[in-house]
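Structural overview for review
Now for the letters of each chain:
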Amino acid sequence: MAASELYTKYARVWIPDPEEVWKSAELLKDYKPGDKVLQLRLEEGKDLEYCLDPKTKELPPLRNPDILVGENDLTALSYLHEPAVLHNLKVRFIDSKLIYTYCGIVLVAINPYEQLPIYGEDIINAYSGQNMGDMDPHIFAVAEEAYKQMARDERNQSIIVSGESGAGKTVSAKYAMRYFATVSGSASEANVEEKVLASNPIMESIGNAKTTRNDNSSRFGKYIEIGFDKRYRIIGANMRTYLLEKSRVVFQAEEERNYHIFYQLCASAALPEFKTLRLENANYFHYTKQGGSPVIDGVDDAKEMVNTRQACTLLGISDSYQMGIFRILAGILHLGNVEFASRDSDSCTVPPKHEPLTIFCDLMGVEYDEMAHWLCHRKLATATETYIKPISKLHAINARDALAKHIYANLFNWIVDHVNKALHATVKQHSFIGVLDIYGFETFEINSFEQFCINYANEKLQQQFNMHVFKLEQEEYMKEQIPWTLIDFYDNQPCINLIEAKMGILDLLDEECKMPKGSDDTWAQKLYNTHLNKCALFEKPRLSNKAFIIKHFADKVEYQCEGFLEKNKDTVYEEQIKVLKSSKKFKLLPELFQDEEKVLSPTSATPSGRVPLSRTAVKPAKARPGQASKEHKKTVGHQFRNSLHLLMETLNATTPHYVRCIKPNDFKFPFTFDEKRAVQQLRACGVLETIRISAAGFPSRWTYQEFFSRYRVLMKQRDVLSDRKQTCKNVLEKLILDKDKYQFGKTKIFFRAGQVAYLEKIRADKLRAACIRIQKTIRGWLMRKKYVRMRKAAITIQRHVRGYQARCYAKFLRRTRAAITIQKFQRMYVVRKRYQCMRAATIALQALLRGYMARNKYQMMLREHKSIIIQKHVRGWLARVHYRRTLKAIVYLQCCYRRMMAKRELKKLKIEARSVERYKKLHIGLENKIMQLQRKIDEQNKEYKSLLEKLSNLEVTYSTETEKLRSDVERLRMSEEEAKNATNRVLSLQEEIAKLRKELHQTQSEKKTIEEWADKYKHETEQLVSELKEQNTLLKTEKEELNRRIHDQAREITETMEKKLVEETKQLELDLNDERLRYQNLLNEFSRLEERYDDLKDEMNLMVNIPKPGHKRTDSTHSSNESEYTFSSEITEAEDLPVRMEQEPSEKKAPLDMSLFLKLQKRVTELEQEKQSLQDELDRKEEQALRAKAKEEERPPIRGAELEYESLKRQELESENKKLKNELNELQKALTETRSPEVTAPGAPAYRVLLDQLTSVSEELEVRKEEVLILRSQLVSQKEAIQPKEDKNTMTDSTILLEDVQKMKDKGEIAQAYIGLKETNRQSPQDYHMLNEDGELWLVYEGLKQANRLLESQLQSQKKSHENELESLRGEIQSLKEENNRQQQLLAQNLQLPPEARIEASLQHEITRLTNENLDLMEQLEKQDKTVRKLKKQLKVFAKKIGELEVGQMENISPGQIIDEPIRPVNIPRKEKDFQGMLEYKKEDEQKLVKNLILELKPRGVAVNLIPGLPAYILFMCVRHADYLNDDQKVRSLLTSTINGIKKVLKKRGDDFETVSFWLSNTCRFLHCLKQYSGEEGFMKHNTPRQNEHCLTNFDLAEYRQVLSDLAIQIYQQLVRVLENILQPMIVSGMLEHETIQGVSGVKPTGLRKRTSSIADEGTYTLDSIIRQLNSFHSVMCQHGMDPELIKQVVKQMFYIIGAVTLNNLLLRKDMCSWSKGMQIRYNVSQLEEWLRDKNLMNSGAKETLEPLIQAAQLLQVKKKTDEDAEAICSMCNALTTAQIVKVLNLYTPVNEFEERVLVSFIRTIQMRLRDRKDSPQLLMDAKHIFPVTFPFNPSSLALETIQIPASLGLGFISRV
């Protein structure tokens, strides 16, 4: 269709823009021919009228459909023009972060100014072997294509890398060389690929510098040829350099630097070896400070100096030469500081003793005076004479700078020569790949001679590029038989002629240089006269007579003529060079100028043995200025032209590959795209020219199948034919009427520009119409269904509503009637209830009131009664007090009165007595009275006596009464006192009452105030209480919340700790797997080195033609009895390498990987130390034994020498056995009591291994103990028989035997010794008396007594040990309590912390605890491992000594003794042996056995017809027979031959899966047999009694089991490599490319990406192919009887390979990242899971290995818009790394317009959410990873005696036993 027809409404176009170069706009109405204006709307919404050019009427370029934007290949775009290219590159660079894009045959590389993770070893491996178009664009894809084409076409290749300074040329070239070095490897041991890569740091240091555009800009061009041999391995390299920028040595612009090497020297000036160079910092030297920017951010010049020196050393530049180079460089720096003083205008001089010049002369080894003289003078030679002329200061400075440039250029050439010598191939070169890293087109404000040469080189390269593109287009058309029409393309031959033809610019420049007074001005005039107005490409600037303009292919460039002649001449004074050549102290300096004396044609070839295509100059083809002889002097331009011609010849003789580097911005901002700068470079580098050439013909190309798959929707069913080609022709004729718009080729359809877009538009319209029709039908159907459903629902609702209303009315009536009844009864009930309530309340009130009143009345009566009683007692007390007072007063008055009366009477009597009459009166009747008185006295005496009696009675009565009265008085006195006290109390109470009354009045007044205050306080208190209640409620709520949070935190902490524990467990398992993987990798590396060693040995044998049939020893040559040490598996394999190397000293040793060698060397050192310590311990024990023996010999001879020797041996064996038993018990106890569940779990590998070892050692100890007891009994019997009766004392014998008995601490030992003694000394009854004479019975009696005492002492010791154990347990309990308290304290402390800190502290504590426990457990395991090894070693030594002892017993008894003293023969009880299940063969038949059973056995026949594992059973039965014969040489020889035979057959047929599987199965079965019949209890649990009888009896083959285990690991790894090689070609095709679900995936245009397919179509693999192959693998392994667990591990490894390869290709292929492809992948994975279910392998872990692939497929299918989608993706893709997720999102490409692209903002959201995830930055999975393999013990139920040997095996020379 016509192009104008595409300009319809809504069509999108590109319009020019001064800022963005091109802007996108949309047509608002259709374009009609003749319209002068287009109505457009820009993307920002602004409307615009675009005026068409009235002359050309050219319409703006159309924009490609969005589905084509972001394509890998620009030629896949429908519209090929500048804006489409620019937009596609920008979208890929900014949105998808993709820096590489194909443009036909060109790889466009945009510098990201950021380190990207896309250059690792995994990426190299992913691109290796792939077709160029199958993977995303990459520099590795170009390198791989060049490598494959070199191997396929037998043609040399070249990679041309070009671009501006700072665009990334050097980095791209380095990555290309690194790819070649990685994928090819070197053919020799010299590691040539490392040397090739090591040349980069050297060349960068001396040839790169910082510019304003680039911190590491290459200031020279280089072409590196990497040579390969016939096997396409790197053998050498050669480098050619072009146009070094010498002017930079003496001048740098602002913000630029000199070459890096100068700054590296200055930064390393403090090094001791550089002291003699007398360097300073960079700001001190004139040549390094001019740019004012001596430091580059992020670059350490001192560190770079170290790298440079290391690279020099690697390339063979010795330290002396390196120091010579640094002396020259330092001399150049000091030369730059030389200053000149003017004497006059025409002469100058150097100041005397000028320090910089002095240092320069000292470093160069030249005379100061000579150099100072020739710096200021020059020699002029005429025809007749020569004279010396002084020069001015300016000329002197120029001469100094010219000398510095010349020295540096020659040094540069010398270094390049030495690098080439180091990289020179030692063998014949078969082909090469050249990498050209050369400057791109340059244009600056001021362009000089350097820019002219650079642009001249680019013109030549552009011409070659155009011709190559044109040639490829022509070849494509001719191959497809398309009518060829000449395409008009830009031919820059006129421009090249202008520069290099006769009378061209270079010719005129050389001619002017020969003129005596030639100048830049005269040369410019010659240019104007010759070319101005005669050549359209040459112009003269309007305002200048010293410049000219050339129209290059990229742009017009104005060159300034100033300096052209001087730079072309490159003049340096001959005398200065002679002074330098005369240096005798510095040998390197004259070497730099040797080649100047030779005439060397720049086109001469090297005499190296290369093919004609690689015939290039070894010497750098670059300018060699300053040559003395004029006839030999060639200008720089002439040399550059010759070098360029040579380069073009080389490139034309190779197949070129183009890499165009683009600089996205001038500010080095990462992922920032400047459209203006990008367009300039695209125009300059020829990318747009490629596009234009492609667009001029038929740029869009589809295969017939791709076209059919894509546009099947445009065909009707009747149009579809079986012939796809005819179908496509019929459809195209209907769709595109103009037949000139397309052409049919043999395999492809060719379309002109825009036709694919037109077809895409028709397809989209068709799909859109179909969608609308589907939507219309579906919406109508949905609406009808909705209407019917709504109508039906409405009727149903009406029916239910009406029924509901009727039911509601009836219910209302019933409720009304019921309500009235309820109201009646309710009201009655309420009234009755109220009455009853009031009545009950009244009665209750009455009762309460009456009770209250009665209680008050009772209280009142009670108070009255009590008050009466109180009154009664008080009144009585008062009355008594008053009475006593009154009585006392009366008595006192009476006494007073009677005293007064008595006084009166006494006075009266005194007066009467003094009168006579008184006396007379008195004496009248006195006598009578006396008589009367006498009688009275008598009477009174009588009365007195009676009264006395009465008195005595009364006295007794009185005394009693007195006592009573006294007590009464006392009581009364006390009562009186109480009364007094009571009175006092009453008084005080009365006073108190008065006070109280007073206080009462005060209190009442206070009470009023207090009541007022109380009311106020009560109110406040109530308020406070309410507030407190509220606060209490809040506190309770907070408390509950805190309790809940504490509970939650405790639960979280518990869960966290559990998770942490699970994670730690998993981590430990991972560490175990990593350790196992490391060990198996070491085995793999060792196997590889061993094979390499064998290959080298074979080659050496072939070279010398001397066959060496001797076999090579391995560690399997050590027998179990002769080996003194038992190593772990790692030690055995690690030590084997140096042993094997030592055994073949005369042969050539295989090269070792240095890292592996250092590891092995370190391990060997450790083993030697351990071996030395064990040897010392053994020597020490032997010395102890010898000393004990010597002491025994010094004693008086009690028994014979043989008995003393046997006793010594027995004692040693007893002590060692006891020690071993104790150590074993402690070890087992420590193992079982270990608290770590990870270690002691019954299923843990460490537990099983240690327990098995302990069990086996324990069993062997028991056996040894029995033998010792038997030996002891035998010794007793022999002693009794041998000793003389008359010379020996029975007490002495008993003493000796008592000493022996005392040594038997075990009850079982004593009992067995007693039984043995009794059996030995059993005699006939008639000999008992004679027996008793010698004291045998007494001896037995004493022995039994001693045994009883020993048993008692043992019981005491056990009791003591039990008590000690209890004490230790108590100590443990105490420690546990302390630990518990500490944990509680820690918990309390944690609870006081904030939640975050609490969790962190708990986790930290738990981590610390678990770490300590793990370290303790690891230490215990190491100790136990060492102990077990030590015990095994000692057991083997003891077993050997016991055997010697048994032999020595029989030898030491003379025949005479036997005759004289008849001794009952002693039979040592041994296990009964069943002589079945063994095979006997002769020693000389061993090689025949290995040959027939291993080397020449066909696995297929054995697997089909015989029992699985038959060879393993046969070999084991042979080993059993050798063990039965106790022939250690035969066992060792057979096992060694078996292992070597298996290795040999695997080396011979190692690529055959059946062979490898067969021998893996048999090796494992052989290993299981050695375990099953080893006699170790751990391996005998599942044996039958018959099988237990077949156990090995004489040899412990544990070491050989380890060797076989290592061999099985190597076979397993070889099996994985074999199946990987078989599956590798199928995976990508079957899992990704093949459409398992037909019609889901859409095909997009592919451009030229499959143009250079290096491998012809071999048929397409499908998923069925993979499943068939898996079935084949599984059936073969099952037929061979491989262990089920091992089959699961193999299947897991296969599925990992499938998943990893598929995911890696998905991550590197943009065309595979689509929604439909995700569906295909998920379907394919489901088919693989179905296969696992069918084979009952779902628990093998294989499905989990596919989880990353499953998640990637889900990621392709899920929504990718909102934040919720981002959260779902982050939680779903836990098996993918962040880099992989972002990569898939960046690569996601819609296949149809209905799919939407992933927005950049969404990807940023994903990155933000995943920024805290700690995962590997690696993008690709390691497809070469091999899981560590284990071989679980799998005993066989097959009885050995039932095995028959078929005659087909040819083993007639062996017989069953």
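On a predicted model such as this, the values are computed, not experimentally measured, just so you know.

Further remarks concern the overall build of the protein chain. Scanning the protein chain from N- to C-terminus turns up 54 helices and 25 strands. Put simply, the protein chain has 1857 residues, and 45% of those count as buried. Looking at the protein chain as shown, the accessible area adds up to about 100000 Å², and 55% of this sits on carbon and sulfur atoms.

Okay, the packing of helix H49 (residues 1715-1734) against helix H51 (residues 1747-1757) next. At their nearest, the axes of H49 and H51 sit 8 Å apart, and the two run at 150 degrees to each other. As the angle between them shows, H49 and H51 are arranged roughly antiparallel. With respect to the hand of their crossing, H49 and H51 are arranged in left-handed fashion. Mapping the contact onto sequence places Trp1715, Gly1718, Met1719, Ile1721, Arg1722, Val1725 and Glu1729 in H49 and Leu1749, Ile1750, Ala1753, Gln1754, Leu1756 and Gln1757 in H51. Classifying every residue of the contact of H49 with H51 by side-chain character gives eight nonpolar, three polar and two charged.

We now examine the environment of Pro33. Note on placement: Pro33 falls in the loop between strand E2 (21-27) and strand E3 (37-42). Given a relative accessible area of 69%, Pro33 falls into the exposed group. Remark: the alpha-carbon pair of Pro33 and Glu5, spanning 28 residues in sequence, is separated by 9.2 Å.

Turning to the sheet that holds strand E7 (residues 157-163), a few remarks are in order. Strand pairing within a sheet occurs via backbone hydrogen bonds; the two strands may be parallel or antiparallel. Taken in spatial order, the seven strands of this open sheet run E5-E6-E20-E7-E16-E10-E11, and their pairing is mixed. The open sheet has two edge strands, strand E5 (100-103) and strand E11 (234-242), and neither has a second partner. For this sheet the average axis-to-axis angle between neighbouring strands, irrespective of direction, equals 20 degrees. Summarising the sheet, strand E10 (residues 221-228) and strand E16 (residues 431-437) pair through seven bridges and their orientation is antiparallel. Paired with Gly227 across the strands is Phe432, a residue of E16.

Detailed reading of the predicted coordinates is not advisable wherever pLDDT is low. Residue-level pLDDT values for the protein chain average 78, and 78% of them are 70 or greater. Per-residue pLDDT stays below 50 along residues 1195-1203; that stretch engages in 12 contacts with residues further than four places along the chain or on separate chains. Every residue in residues 1649-1658 scores below 50 in pLDDT, and together they form 22 contacts with partners more than four places removed in sequence or on other chains.

This part is about the packing of aromatic side chains. Two aromatic rings are characterised by how far apart their centres lie and by the angle between their planes. This model, assessed by the stated rule, comprises 37 aromatic pairs. An angle of 90 degrees between the planes, with centres 6.5 Å apart, marks the rings of Phe140 and Tyr175 as edge-to-face. Of this pair, Phe140 sits in helix H3 (residues 139-153) while Tyr175 sits in helix H4 (residues 169-184), and the two are 35 residues apart along the sequence. The class for Tyr175 is buried, based on a relative accessible area of 17%.

Before going further, it helps to examine the pattern of salt bridges. In this structure the tally under the stated criterion is 51 salt bridges. With a shortest N-O distance of 3.4 Å, Glu500 and Lys460 are connected by a salt bridge. Within this pair, whereas Glu500 is found in helix H15 (residues 493-500), its partner Lys460 is found in helix H14 (residues 449-479), the two being separated by 40 residues in sequence. By the burial criterion, Glu500 is buried, and Lys460 matches it. Each of Glu1041, Arg1044, Asp1048, Arg1051 and Glu1055 takes part in salt bridges that share partners, so that together they form one network.

The subject of this paragraph is the sheet that holds strand E22 (residues 742-744). Pairing is antiparallel across the open sheet formed by three strands, whose spatial order is E21-E23-E22. Looking at strand neighbours, the two that pair on one side only are strand E21 (700-703) and E22, the edges of this open sheet. Taken over all neighbouring pairs, the strand axes of this sheet differ in orientation by 20 degrees on average, direction set aside. Bridge analysis of E22 against strand E23 (residues 748-751) gives three bridges, and the strand direction is antiparallel. When the bridges of E23 are listed, Gln743 appears paired with Phe750. Contacts from helix H24 (residues 704-711) reach E21, E22 and E23 within the one sheet, and its direction differs from that of E21 by about 90 degrees.

Before going further, it helps to examine the pairing of strand E4 (residues 47-51). Sheet topology note: the E3/E4 ladder contains five bridges and is antiparallel. Within E4, the residue paired with Leu38 across the bridge is Tyr50. Following E3, the chain reverses through four residues before pairing antiparallel with E4; Gly45 in that reversal takes a positive phi of roughly 100 degrees.

Here helix H9 (residues 301-314) is 14 residues long and its end C-alpha atoms lie 20 Å apart, about the 20 Å a rise of 1.5 Å per residue gives. Within H9, burial applies to Asp301, Met305, Thr308, Ala311 and Cys312. Burial along H9 is one-sided: seen end-on, the buried residues are contained in an arc of 125 degrees. Away from the buried face of H9 by more than 90 degrees, exposed residues Lys303 and Gln310 are located.

In this structure, Phe180 and Phe548 are the most contacted members of the largest nonpolar core, which totals 323 residues. The element contributing the most residues to this core is helix H46 (residues 1598-1633), with 18 residues. Counting residues in hydrophobic clusters, the runner-up holds 35 residues, among them Leu6, Tyr704, Phe708 and Leu735.

A cluster of nonpolar side chains, namely Ile774, Ile778, Trp781 and Leu782, defines an oily patch on the protein surface of about 400 Å² accessible area. By secondary structure assignment, the location of Ile778 is in helix H26 (residues 755-913).

Reading the values: rules and limits
Residues numbered from 1 in each chain as written. Predicted model: local features only at pLDDT ≥ 70, side-chain atom pairs only at ≥ 80, totals over all residues. Heavy atoms only, no water. Helix = DSSP H or I, 4+ residues; strand = E, 2+ residues; numbered from the N terminus. Buried < 20%, exposed > 50% of the residue type's maximum accessible area, 1.4 Å probe, protein only. Areas by Shrake-Rupley, 256 points an atom, 1.4 Å probe, with all protein chains shown as cover. Axes fitted to C-alpha atoms, helices over the stretch in contact; angles between N-to-C directions. Parallel < 35°, antiparallel > 145°, perpendicular 65-115°, else oblique. Left-handed = near helix turned anticlockwise from the far one by under 90°. Contact = heavy atoms within 4.5 Å. Nonpolar A, V, L, I, M, F, W, Y, C, P; charged D, E, K, R; others polar. Pairing = 2+ DSSP bridges. pLDDT = per-residue confidence, 0-100. Phe/Tyr/Trp six-rings, centres within 6.5 Å; stacked < 30°, edge-to-face > 60°. Salt bridge = Lys/Arg side-chain N within 4 Å of Asp/Glu carboxyl O. Expected span 1.5 Å × (residues − 1). Arc of directions from axis to C-beta. Core = buried A, V, L, I, M, F, W, Y, C linked by side-chain atoms within 4.5 Å. Patch = residues over 30% accessible without salt bridge, like charges linked within 9 Å, V, L, I, M, F, W, Y side chains within 5 Å.

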